Amino acid sequence: QLQLVESGGGLVQPGGSLRLSCTASGFTLDAYAIGWFRQAPGKAREGVSCISSRDSNIYYADSVKGRFTISRDNAKNTVFLQMNSLKPEDTAVYWCAADATPKYGRSWCSRLGSEYDYWGQGTQVTVSS
């Protein structure tokens with residue numbers, strides 16, 4: 001059974017850091033483009049970051065650029081999202097997702113959730129004092 005599991009969410013004060021993990025079971029993540037998405041209450045889902053399966057090309061949304069870092073650890077079959085300088089507006093449920101066949105090839109990743117095949121269950125991130 002193909003499964004993605006996120007972990008690492010929680011409550012943090014503004015300016016703090018969290019590291020989210022996305023671990024796969026039943027398949028190897030290095031063959032997939034991986035995206036991180038989030039949705040705050042009353043808002044649309046947003047593509048936060050993604051990393052391609054080849055060459056590790058990376059995308060960041062403008063809202064997180066310079067604060068978030070996505071990375072892979074293929075030995076652990078895990079993709080991380082390091083989130084620094086967190087702001088209250090980063091509060092959301094965060095999901096990771098895997099794309100088996102990126103539209104423009106393995107050196108590309110999509111910021112659109114509709115293009116991803118497998119999703120985790122989500123993890124809550126709350127930034128509040």
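Above this text sits the structure in question.
This structure is a prediction, so every number in the text was calculated from the model and none was measured.

1. Overview of the overall build of the protein
Okay, step 1: Per the secondary structure count, the protein includes zero helices and eleven strands.
Okay, step 2: When the helices and strands of the protein are listed from N to C terminus, the series reads β-β-β-β-β-β-β-β-β-β-β.
Okay, step 3: In summary, the protein has a C-alpha radius of gyration of 14 Å against a globular reference of 14 Å for 129 residues, a match within 12%.
Okay, step 4: Its C-alpha atoms put the protein at 40 × 25 × 25 Å along the principal axes.
Okay, step 5: Buried positions account for 47% of the 129 residues belonging to the protein.
Okay, step 6: Of the roughly 6,400 Å² of accessible surface on the protein, 47% is carried by carbon and sulfur atoms.
Okay, step 7: Each charge class in the protein can be summarised by its mean position, and for the 13 positive and 11 negative side chains these summaries are 3 Å apart.

2. Thoughts on the packing of aromatic side chains
Okay, step 1: Enumeration over the complete set of coordinates arrives at seven aromatic pairs.
Okay, step 2: Taking 5.6 Å as the distance between ring centres and 35° as the angle between the ring planes, the aromatic pair formed by Phe27 and Tyr118 counts as tilted. Of this pair, Phe27 sits in the loop between strand S3 (18-25) and strand S4 (33-39) while Tyr118 sits in strand S10 (residues 118-119), and the two are 91 residues apart along the sequence.
Okay, step 3: Measuring from centroid to centroid gives 6.5 Å for Tyr116 and Trp119, while their planes differ by 70°, and the two rings are edge-to-face.
Okay, step 4: Classification of Tyr116 by relative accessible area gives buried; the value is 6%.
Okay, step 5: The ring of Phe80 has Arg19 sitting right over it, with the charged end atom 4.0 Å from the ring centre.
Okay, step 6: Arg45 extends its terminal NZ or CZ atom over the ring of Phe37, reaching a point 5.8 Å from the ring centre.

3. A word on the side chain of Arg38
Okay, step 1: Along the chain, Arg38 turns up in strand S4.
Okay, step 2: Under the relative-accessibility criterion, Arg38 is labelled buried at 7%.
Okay, step 3: A polar side-chain atom of Arg38 sits 3.4 Å from a polar atom in the side chain of Ser63.
Okay, step 4: A polar contact is formed between the side chain of Arg38 and the side chain of Tyr94, at a distance of 2.9 Å.

4. As for the pattern of salt bridges
Okay, step 1: Taken as a whole and judged by the stated rule, the model has five salt bridges.
Okay, step 2: When the shortest N-O distance is used, the salt bridge between Lys65 and Asp62 registers 3.1 Å.
Okay, step 3: We note a salt bridge from Lys103 to Glu115, for which the minimum N-O separation is 3.5 Å. Taken together, the positions of Lys103 in the loop between strand S9 (92-99) and S10 and Glu115 in the loop between S9 and S10 put the pair twelve residues apart, joining distant regions of the chain.

5. So, unusual backbone geometry
Okay, step 1: Despite not being glycine, Asp55 has its phi angle at roughly 70°, a positive value.
Okay, step 2: Residue class for Asp55 comes out exposed when judged on its relative accessible area of 57%.
Okay, step 3: Not every positive phi belongs to a glycine, and Asn77 is a case in point at roughly 55°.
Okay, step 4: Within the secondary structure, Asn77 sits in the loop between strand S7 (68-73) and strand S8 (78-83).

Cut-offs applied
Throughout this description, residue numbers start from 1 for each chain and increase along the sequence as written. Reporting of local features is limited, given that this is a predicted model, to residues whose pLDDT is at least 70; pairs of side-chain atoms are given and counted only at 80 or more, and all residues count toward the totals for whole chains, interfaces and linings. With hydrogens and water set aside, each side-chain value is computed from the structure's full complement of heavy atoms. Every helix listed is a DSSP run of H or I at least four residues long, and every strand listed is a run of E at least two residues long, numbered separately from the N terminus. What the globule rule says is 2.2 Å times the number of residues to the power 0.38, and the radius of gyration is computed from C-alpha atoms. Exposure categories follow from relative accessible area, calculated using a 1.4 Å probe and restricted to protein chains: below 20% of the type maximum is buried, above 50% is exposed, and the middle band is partly exposed. Residue burial considers only the protein chains on display, and all accessible areas are found by Shrake-Rupley using a 1.4 Å probe. Working convention for charge: Lys and Arg count positive, Asp and Glu count negative, and His plus the chain ends are omitted. Where a charge lies is defined by one atom per residue type, namely NZ (Lys), CZ (Arg), CG (Asp) and CD (Glu). Stacked, tilted and edge-to-face pairs are distinguished by plane angle, under 30 degrees for stacked and over 60 for edge-to-face with tilted covering the rest, among Phe, Tyr and Trp rings (Trp via its six-membered ring) whose centres lie within 6.5 Å. Charge-over-ring contacts are defined here by two conditions on Lys NZ or Arg CZ: a distance within 6 Å of the ring centre and an angle within 35 degrees of the ring normal. Polar contact is the term for a pair of N or O atoms within 3.5 Å; when the atoms are in protein, one must be able to donate a hydrogen and the other to accept it, and sequence-neighboring residues count only if both atoms are side-chain atoms. Criterion for a salt bridge: a side-chain nitrogen of Lys or Arg within 4 Å of a carboxyl oxygen of Asp or Glu.

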